[in-house]
Amino acid sequence: MSAVANPATVAECLRVGAGFSQGDRNWIAEQFATLDSRLATFHADATEIEVSVKDREARGQRVTLECWIAGRQKIVTTSSEIDLHAALNDVRDDLRRKLNDQKTRQEPRNNKHLRDVPVVTEPVELPEPGQPRAEADPA
């Protein structure tokens, strides 16, 4: 794998959207810090993450995490957890899973599970040395 000159980090790429203030940004960045190792394979200039919440601290609260990486499809994860901390963890874990799935789809040659699938072939009978090859019977 080639190293990225300016790797993406949550602290660098995170934007807070509706329902959050800039004061919440550092707290959210700490919650999402485990994403740094996954985002490090992408360029910081080509990566954006935005988190927003609708109806914060209400019964119908909905947290949305969007991720844009140049050359890839936008990833959107949502959570309806009542607890804000649990909802942030839920969208973070879902984003990590979706990033891993996208990488696996894009680079299956690096996926051990796809590479180690046994190939089943029918046995082929080889003629004994010195024996002429048998031709298929015309039907």
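Everything below is about the structure printed above this text.
None of these values were measured; they are calculated from a predicted model.

Asker: Hey, could you go over the sheet that holds strand β2 (residues 47–54) for me, with residue numbers and the actual values?
Answerer: The sheet built from four strands is open, its strands ordered β1-β2-β3-β4 with mixed pairing. Among the strands making up the open sheet, the edge pair consists of β1 (14–16) and β4 (75–79). If you compare each strand with its neighbour and ignore which way they point, the axes differ by 15° on average. Helix α2 (residues 22–31) rests against β1 and β2 of the sheet, and its axis sits at about 140° to β1.

Asker: Please provide a residue-by-residue account of the nonpolar core, values included.
Answerer: Core analysis: the largest hydrophobic core is formed by 27 residues, its most contacted members being Phe 32 and Val 51. Where this core is concerned, the elements lending two or more residues are α1 (10–13), β1, α2, β2, β3 (62–69) and α4 (84–106). The leading source of residues in this core is α4, at six residues. Excluding its chain neighbours within four sequence positions, the residues that come into contact with Phe 32 are Val 10, Leu 14, Val 51, Leu 65, Leu 88, Val 91 and Arg 92.

Asker: Give me α2: which residues, what numbers.
Answerer: Of all the positions in α2, only Asp 24, Arg 25, Ile 28, Ala 29 and Gln 31 are classed as buried. Looking down the long axis of α2, one finds its buried residues gathered within 145° of arc, a one-sided arrangement. Within α2, the exposed residues directed more than 90 degrees away from the buried face are Gly 23, Asn 26 and Glu 30.

Asker: Explain the environment of Asp 93 to me, using residue names and the numbers behind them.
Answerer: Residue placement: Asp 93 occurs in helix α4. Between the alpha carbons of Asp 93 and Thr 77 there is a distance of 9.3 Å; along the sequence they are 16 residues apart. At a separation of 3.0 Å, a polar atom in the side chain of Asp 93 contacts the side chain of Arg 92.

What counts and what doesn't
- Residues numbered from 1 in each chain as written.
- Predicted model: local features only at pLDDT ≥ 70, side-chain atom pairs only at ≥ 80, totals over all residues.
- Heavy atoms only, no water.
- Pairing = 2+ DSSP bridges.
- Helix = DSSP H or I, 4+ residues; strand = E, 2+ residues; numbered from the N terminus.
- Axes fitted to C-alpha atoms, helices over the stretch in contact; angles between N-to-C directions.
- Contact = heavy atoms within 4.5 Å.
- Core = buried A, V, L, I, M, F, W, Y, C linked by side-chain atoms within 4.5 Å.
- Buried < 20%, exposed > 50% of the residue type's maximum accessible area, 1.4 Å probe, protein only.
- Arc of directions from axis to C-beta.
- Polar contact = N/O pair within 3.5 Å; in protein donor to acceptor, adjacent residues only side chain to side chain.

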